Amino acid sequence: MDELEIQGGNTTQALYLTFAVGEEDYGLEIAVVIEIIGVQTITEVPELPAYIKGIINLRGRIIPVMDVRIRFNKEPQEYNDRTCIIVVDAQGTNIGLIVDTVRGVMNITDDDITDPSSHRSGYENRYINGIGKTQQGVKLLLNLERLVADY
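The structure contained in this document is the topic of the report that follows. If you're wondering where the values come from, they're calculated on a predicted model, not measured in any experiment. (Residues numbered from 1 in each chain as written. Predicted model: local features only at pLDDT ≥ 70, side-chain atom pairs only at ≥ 80, totals over all residues. Heavy atoms only, no water.)

**As for the sheet that holds strand β5 (residues 52-58)**
We apply this condition: The pairing criterion is simple: DSSP has to find at least two bridges between the two strands. Under the scheme used here, helices are H or I runs from DSSP no shorter than 4 residues and strands are E runs no shorter than 2 residues, and both carry numbers assigned from the N terminus. Note on geometry: axes are C-alpha line fits, over the in-contact stretch for helices, and angles between N-to-C directions span 0 to 180 degrees.
If you trace the five strands from one edge of the open sheet to the other, you get β4-β7-β8-β6-β5, paired in mixed fashion. Pairing within the sheet leaves two strands with one partner each, and these edge strands are β4 (33-38) and β5. Neighbour-to-neighbour, the strand axes of the sheet open up by a mean angle of 30°, direction not taken into account. Of the pairings in the sheet, the one linking strand β6 (residues 61-67) to strand β8 (residues 93-99) comprises three bridges and is parallel in character.

Right under this line is the structure:
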């Protein structure tokens, strides 16, 4: 169940898988997450954007993998034992997202999500659906379709 009604009000809450890329924490709705795996051998494919690292063979399925760090124009980093691939379903297409570390799953209520356009930063970030306020800090909630759209 990825959404539920809280008793006594109209506020809904959704489950989000949270993870880090650099110093920032991000979240994806758990409904799009298929599984989390460690980094494995990636086969490079020519003429793909730099943020698409290549493909992996996941139990007989060929999955493209995107390095989210590079997608967000951050400095590349060597993969380590904390680096994970989050396999997601992006409108029927499986894709792996390489992230620095997975933090966990958390509930974030609608009341605790702010529209990113309400924060006048001088630019629009097309990858962010909302800003989740939690006891553990701010989580940038990603728009998966936009993140993988150019792929």
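**Points about the packing of aromatic side chains**
How we decide: Centres within 6.5 Å are what make two rings of Phe, Tyr or Trp a pair, Trp counting through its six-membered ring; a difference in plane orientation under 30 degrees is then read as stacked, over 60 as edge-to-face, and the rest as tilted. Buried, partly exposed and exposed residues are distinguished by accessible area as a fraction of the type maximum, computed with a 1.4 Å probe on protein chains only: under 20%, between the cut-offs, and over 50%, respectively. Cation placement over rings: the criterion is NZ of Lys or CZ of Arg within 6 Å of the ring centroid and within 35° of the ring normal.
Under the counting rule described, the total for this entry stands at three aromatic pairs. With a centroid separation of 5.9 Å and an interplanar angle of 25°, the aromatic rings of Phe-19 and Tyr-26 are classed as stacked. Where Tyr-26 meets Phe-72, the ring centres are 5.2 Å apart and the plane angle is 40°; that geometry is what we call tilted. Note that Tyr-26 is positioned in strand β3 (residues 24-29) and Phe-72 in the loop between α1 (68-71) and β7 (84-90), a separation of 46 residues in sequence. Given the relative accessible area of 16%, Phe-72 is considered buried. Members of the aromatic cluster, joined through ring pairs, are Phe-19, Tyr-26, Phe-72 and Tyr-127. Above the face of the Tyr-51 ring, Arg-71 is positioned so that its terminal group lies 4.2 Å from the ring centre.

**A look at the pattern of salt bridges**
Pairing between side chains becomes possible if they bear opposite charge and their charged atoms approach one another. Defined as follows: The working definition used for a salt bridge is a side-chain nitrogen of Lys or Arg within 4 Å of a carboxyl oxygen of Asp or Glu.
Enumeration over the complete set of coordinates arrives at six salt bridges. Residue Lys-139 pairs with Asp-25 through a salt bridge whose shortest N-O separation is 2.9 Å. A residue pair is termed long-range when its members are at least 10 positions apart, and Lys-139 in strand β12 (residues 137-142) and Asp-25 in strand β3 qualify at 114 residues. Both residues of the pair, Lys-139 and Asp-25, belong to the buried class. Put simply, Asp-100 and Arg-69 hold a salt bridge, and the shortest N to O gap is 2.5 Å. Of this pair, Asp-100 sits in the loop between β8 and β9 (101-109) while Arg-69 sits in helix α1, placing them 31 residues apart in sequence. You'll find Asp-100 and Arg-69 in the same group, each marked buried. Sharing partners across several salt bridges, the network here consists of Asp-25, Arg-103 and Lys-139.

**Notes on the nonpolar core**
For clarity, the cut-off: Here, nonpolar core means buried Ala, Val, Leu, Ile, Met, Phe, Trp, Tyr and Cys residues that are tied together by side-chain atoms lying within 4.5 Å of each other. Residues count as neighbours in contact if any of their non-hydrogen atoms are within 4.5 Å of one another.
Residues Val-88, Leu-142 and Leu-144 are the most contacted members of the largest nonpolar core, which totals 26 residues. Mapped by element, the contributors of at least two residues to this core are β2 (12-21), β3, α1, β7, β8 and α2 (144-148). Counting residues per element, this core draws most heavily on β7, at four residues. In this structure Val-88 touches Leu-28, Val-32, Val-33, Ile-34, Thr-93, Asn-94, Ile-95, Leu-97 and Leu-144, once residues within four positions along its chain are discounted. Within the second largest apolar cluster, eight residues are counted, among which are Ile-63, Val-65, Val-87 and Ile-98.

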